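# Fold and geometry: a report
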Amino acid sequence: MELLDILYEKTNGIAKITMNRPQVYNAFRPQTVREMIWAFRDAWDDNTVGVVVLTGAGDKSFCTGGDQKARDLDGYGDSKGLGGGVGLEIEALHGVMRDIPKPVIAAVNGYAIGGGHVLQVICDLTIASDKAIFGQTGPKVGSFDAGLGTAYLARIIGEKKAREIWYLCLQYNAEQALQMGLINKVVPHEKLDESVEEWCNLILEKSPTALKMIKYSFNADSANIQGISQMGLGSVAMYYNTEEALEGKNAFVEKRPVNFNKFRK
Ligand code: S0N
């Protein structure tokens with residue numbers, strides 16, 4: 001597959017997927033999601049790979065979710081009707097990240113926001129640079145992730161904190177994220193790659209079959225949330241087709257304050 005939006009490399013048992021759209025803080029469009037699914041499947045099929053690293057290009061951002069400039073009434077970009085209808089095969093991406101029988105580590109190098117934050121939530125482990133920023137923006141930009149991004153998040157950090165994150169759309173630094181159990185480790189920005197590689201090597205020393213069955217066992221307990229995600233994305237598709245959702249997206253793109261007042265009915 002010709003890769004336009006991601007970088008993909010395999011070295012010494014480590015597959016590294018880098019979201020590579022720094023001009024939009026590594027926000028994803030349909031093409032990006034398709035390429036990421038392809039890369040995760042390649043890493044799954046390759047028996048020389050024992051661990052996958054997901055990161056973002058540049059030093060500003062890991063990923064800021066769906067590309068708001070590619071979003072309209074029917075969802076995102078060039079592949080309308082794909083996935084649950086939002087035009088991004090995001091459920092398939094979330095699915096392959098959970099189902100790949102190898103640990104996936106998020107190396108968070110900057111902003112992990114919105115759908116980009118959901119990606120780090122789904123990764124098995126997260127190591128963050130001390131410059132990383134975490135948060136959800138859905139209710140600010142007329143979007144939401146009802147499933148893994150909400151219910152699975154609540155499993156990780158608890159209901160109160162998860163509701164705070166989604167209702168208030170605040171941003172949290174790496175230390176705060178560590179304190180709430182949202183991530184595993186914070187390291188100095190310049191040590192991120194080295195620290196991730198150290199953990200990859202610890203994983204690569206372990207029994208691949210034991211790791212696979214442990215991952216499946218963890219997944220089994222939250223498998224129902226994946227089903228809820230499919231329904232959730234179906235409802236996001238319907239929500240995108242409303243003036244209320246468009247107001248959120250347009251305010252972001254036009255760099256103006258959002259006004260949801262008239263939709264409170
Ligand atoms: C990351 C933020 C906070 C950075 O702010 P800062 O430092 O002020 O920089 P900006 O000037 O805002 O950004 C720099 C340039 O990058 C562009 N840009 C950034 N993020 C996006 C984006 N997501 N889409 C398109 N462009 C983006 C800026 O426009 C700017 O470029 P110029 O200067 O050329 O205009 C800040 O950027 C921010 O808040 N970004 C938006 C993040 C966002 O709202 N993401 C979508 C959130 N969606 C959800 O939460 C929905 C949930 C979800 O998971 C989902 C589910 C299914 C399908 C899709 C999604 C999804 O993610 O939408």
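In case you missed it, the structure is sitting above this.
These lines cover the structure that appears in this document, whether it is placed above or below. Given the structure is predicted, the values throughout are model-derived calculations rather than measurements. (Residues numbered from 1 in each chain as written. Predicted model: local features only at pLDDT ≥ 70, side-chain atom pairs only at ≥ 80, totals over all residues. Heavy atoms only, no water.)

## Structural notes on the packing of aromatic side chains
Tallied over the full model, the rule gives four aromatic pairs. Residues Phe144 and Tyr239 carry aromatic rings whose centres are separated by 5.3 Å and whose planes lie at 40 degrees to one another, so their mutual orientation is tilted. Here Phe144 is found in the loop between helix H4 (138-141) and helix H5 (148-157), whereas its partner Tyr239 is found in helix H10 (residues 223-240), with 95 residues between them in sequence. Tyr239 sits in the buried class, given a relative accessible area of 18%. Over the ring of Tyr152 we find Arg98; its NZ or CZ atom is 5.6 Å from the centre of that ring. (Phe/Tyr/Trp six-rings, centres within 6.5 Å; stacked < 30°, edge-to-face > 60°. Helix = DSSP H or I, 4+ residues; strand = E, 2+ residues; numbered from the N terminus. Buried < 20%, exposed > 50% of the residue type's maximum accessible area, 1.4 Å probe, protein only. Lys NZ or Arg CZ within 6 Å of the ring centre and 35° of its normal.)

## Section: the sheet that holds strand S9 (residues 125-129)
One open sheet holds the six strands; their spatial order is S1-S2-S3-S7-S9-S12, and the pairing between them is mixed. Whereas interior strands pair on both sides, the edge strands pair on one side only; in this sheet they are strand S1 (6-11) and strand S12 (185-187). Adjacent strand axes in the sheet meet at a mean angle of 20 degrees, parallel and antiparallel pairs treated alike. (Pairing = 2+ DSSP bridges. Axes fitted to C-alpha atoms, helices over the stretch in contact; angles between N-to-C directions.)

## Overview of the pattern of salt bridges
Between side chains of opposite charge, a pair can form when the charged atoms approach closely. Within this structure, the stated rule accounts for 13 salt bridges. Where Lys206 meets Glu205, a salt bridge forms, and the shortest distance between an N and an O atom there is 3.7 Å. Residue classification places Lys206 among the partly exposed positions, given a relative accessible area of 41%. Given the relative accessible area of 61%, Glu205 is considered exposed. It is possible to trace a salt-bridge network through shared partners that takes in Asp5, Arg21, Arg29 and Asp67. (Salt bridge = Lys/Arg side-chain N within 4 Å of Asp/Glu carboxyl O.)

## A few points about the site of the ligand
Within the structure, the ligand sits among 30 residues, and Thr64, Gly66, Tyr76, Thr137 and Lys255 are positioned closest to it. In this structure, Lys69 approaches the ligand through a side-chain N or O atom, which is 2.9 Å from an oxygen atom. One nitrogen or oxygen atom from the main chain of Gly115 is found 3.1 Å from an oxygen atom belonging to the ligand. Against a free-state accessible area of 1100 Å², the protein chains account for coverage of 79% of the ligand. Elements with a minimum of two residues in the shell around the ligand: strand S8 (111-113), helix H3 (115-122), H4 and H10. Here the residues of the shell around the ligand sort into 14 nonpolar, 12 polar and four charged. (Near = heavy atom within 4 Å. Polar contact = N/O pair within 3.5 Å; in protein donor to acceptor, adjacent residues only side chain to side chain. Areas by Shrake-Rupley, 256 points an atom, 1.4 Å probe, with all protein chains shown as cover. Nonpolar A, V, L, I, M, F, W, Y, C, P; charged D, E, K, R; others polar.)

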